[in-house]
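Letter by letter, the chains look like this.
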Amino acid sequence: MEPNNDARWVIARSSTQRILTGAAILDVVWKIVFNIYNITEDAWFNTTGWNQFGGASAITTKLLDVEVEQNTGNFLFVYEDNATTGRDVNYVTWDGTVFSSEQTLTFNSDVAAEAQRWVVLRSKNSSNDIMLLSAGTSNDLSAARWNGTSFINITTITLNAANANEERFSFSWEGNTSNGVLVWGEGTAGAVNYSFWNDTTKEFIAGGSVTNRGATVTVQQIFTCSDPLSQYIGLAIGPDSTDDVLMAVWNGTGWQGGVPNEETNAENIVNKNAVCAWTKNTSVGLFAFADLNVPDIEYLTYNKTENDWYCPKNGQAVTDLTNAQGSNGPCLDSSVLSDDIEFIKMTSDPNSNDIMLILGGLNRDLESFIFNNTGLTQPTDGLLNSTISCTTF
């Protein structure tokens, strides 16, 4: 990374087979750099500088990602490179010793020859398979499956996805099968569609509509998360163009009923601030979103055995996301951020039932919480930083 350049995007993934973490960074002058961190030695692999693989297109979206092959522990890095104006992305791998040479994946000919604005990777449990989702400037959405050696099953999902300026799609593998579910916003009339990845036939099968937000609503954000012990997949929709947030759950064959009524006044920004994650052993799904114009986080949990949504602090059922805590609404905790919550990140602990939450504030501060099945607790050093690079990306 060039000296004195702020980071625009930072993505880190830990290896499943080695005590290593892969990092991918896009800086504010659109340079992409990758490196490997050795946790035991507290050292970066490339001691003379980061491995830089070209410059990305001059856009502010997340056009790179890194993921881990679960069986080998090797890293896969995928990114947009502005060297050409093609319908493609570039990629490199790390095999535990060295980076591979740069390779190119070209999408189908019906996809516009243009920059890819969003690049997302999702690895499958007990496998080297990784699903790639990539969205272009003209609202195209493509998918391809990495099989540990190469990209195959290249698929055009849609040529008319919703707002290209935001990450309005998400894919998750089912935790105890080889299948998966892709959800995305379609067009400008509020449609939220899904497609089912059938691992037997190695193809996406159109599933239809999850919901329709209305002709005047544009879908802006989609987030999915999978229970590691079952076929259940959590879904957070929004905030959309009218500040709404809606939660849902996939049960392996369809979408569960009995979901709470939507939130209609969430913090609305291009970052993902309506998210979810599952505990390792208890199959509890944690869902959270940011309140509008205040540094408050609202959250609720889902019990798949009972198909119940509830506030874990008081055990009360949640029937409406707009209701207050104690009145059949979600739990609410105030953060120590100095202004609005601009993004929320969740990561499940692979060795316990804790879930780590990272919150970023409008004034560039960074805070952490831990969900422990009964609510959010905060470490002593909960305010991690007060001067992060930026919050608008």
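For the structure, see preceding data.
Quick caveat: nothing in here was measured; it's all calculated off a predicted structure. (Residues numbered from 1 in each chain as written. Predicted model: local features only at pLDDT ≥ 70, side-chain atom pairs only at ≥ 80, totals over all residues. Heavy atoms only, no water.)

A.B. asks: Looking at this model, I keep getting lost on the sheet that holds strand S18 (residues 222-226). Mind explaining?
C.D. replies: Within a beta sheet, neighbouring strands are joined by backbone hydrogen bonds and run either parallel or antiparallel to one another. In space, the 3 strands of this open sheet follow the order S18-S19-S20, with antiparallel pairing throughout. Looking at which strands have only one partner, the edges of the open sheet turn out to be S18 and strand S20 (246-250). Shown here is a sheet whose adjacent strand axes are inclined to one another by a mean of 20 degrees, direction ignored. Pairing geometry for S18 and strand S19 (residues 233-237), over 5 bridges, is antiparallel. Residue isoleucine 222 lies in a different strand from S19, and its bridge partner there is isoleucine 237. (Pairing = 2+ DSSP bridges. Helix = DSSP H or I, 4+ residues; strand = E, 2+ residues; numbered from the N terminus. Axes fitted to C-alpha atoms, helices over the stretch in contact; angles between N-to-C directions.)

A.B. asks: So what exactly am I meant to see when it comes to the state of the cysteines here?
C.D. replies: Here, the word disulfide means a covalent bond between the sulfur atoms of two cysteines. Evaluated as defined, the whole model comprises 2 disulfides. There is a disulfide in this structure between cysteine 225 and cysteine 276, and the S-S distance comes to 2.1 Å. Disulfide cysteine 225-cysteine 276: torsion about the S-S bond near -125 degrees, hence left-handed. With cysteine 225 in strand S18 and cysteine 276 in strand S21 (residues 274-278), this residue pair connects regions lying 51 residues apart in the sequence. Sulfur-sulfur distance for the disulfide between cysteine 311 and cysteine 331 comes to 1.9 Å. In this structure the cystine formed by cysteine 311 and cysteine 331 twists about its S-S bond by roughly 110 degrees; its chirality is therefore right-handed. Residue cysteine 311 is found in strand S24 (residues 308-311), and its partner cysteine 331 is found in strand S26 (residues 331-334); the two are separated by 20 residues along the sequence. Classification of cysteine 311 by relative accessible area gives buried; the value is 0%. A relative accessible area of 0% means that cysteine 331 is categorised as buried. (Disulfide = S-S within 2.5 Å. Buried < 20%, exposed > 50% of the residue type's maximum accessible area, 1.4 Å probe, protein only.)

A.B. asks: I would appreciate a short explanation of the environment of serine 327 in the present structure.
C.D. replies: The topology assignment puts serine 327 in the loop between strand S25 (316-317) and S26. In sequence terms serine 327 and alanine 317 are 10 residues apart; their C-alpha atoms lie 8.9 Å from each other.

A.B. asks: How should I be thinking about unusual backbone geometry in this particular structure?
C.D. replies: Phi is mostly negative for residues that are not glycine, and the peptide bonds are mostly trans. Backbone torsion omega between glycine 238 and proline 239 reads 0 degrees, so that peptide bond is classified as cis. Of note, proline 239 is situated in the loop between S19 and S20. Of note in this structure, lysine 202 is not a glycine but carries a positive phi near 55 degrees. Along the chain, lysine 202 falls in the loop between strand S16 (191-198) and strand S17 (203-212). Residue classification places lysine 202 among the partly exposed positions, given a relative accessible area of 30%. Of note, asparagine 328 is a non-glycine position whose phi angle comes to about 60 degrees, a positive value. In this structure, asparagine 328 sits in the loop between S25 and S26.

Keep in mind these numbers describe shape, not what the thing actually does.
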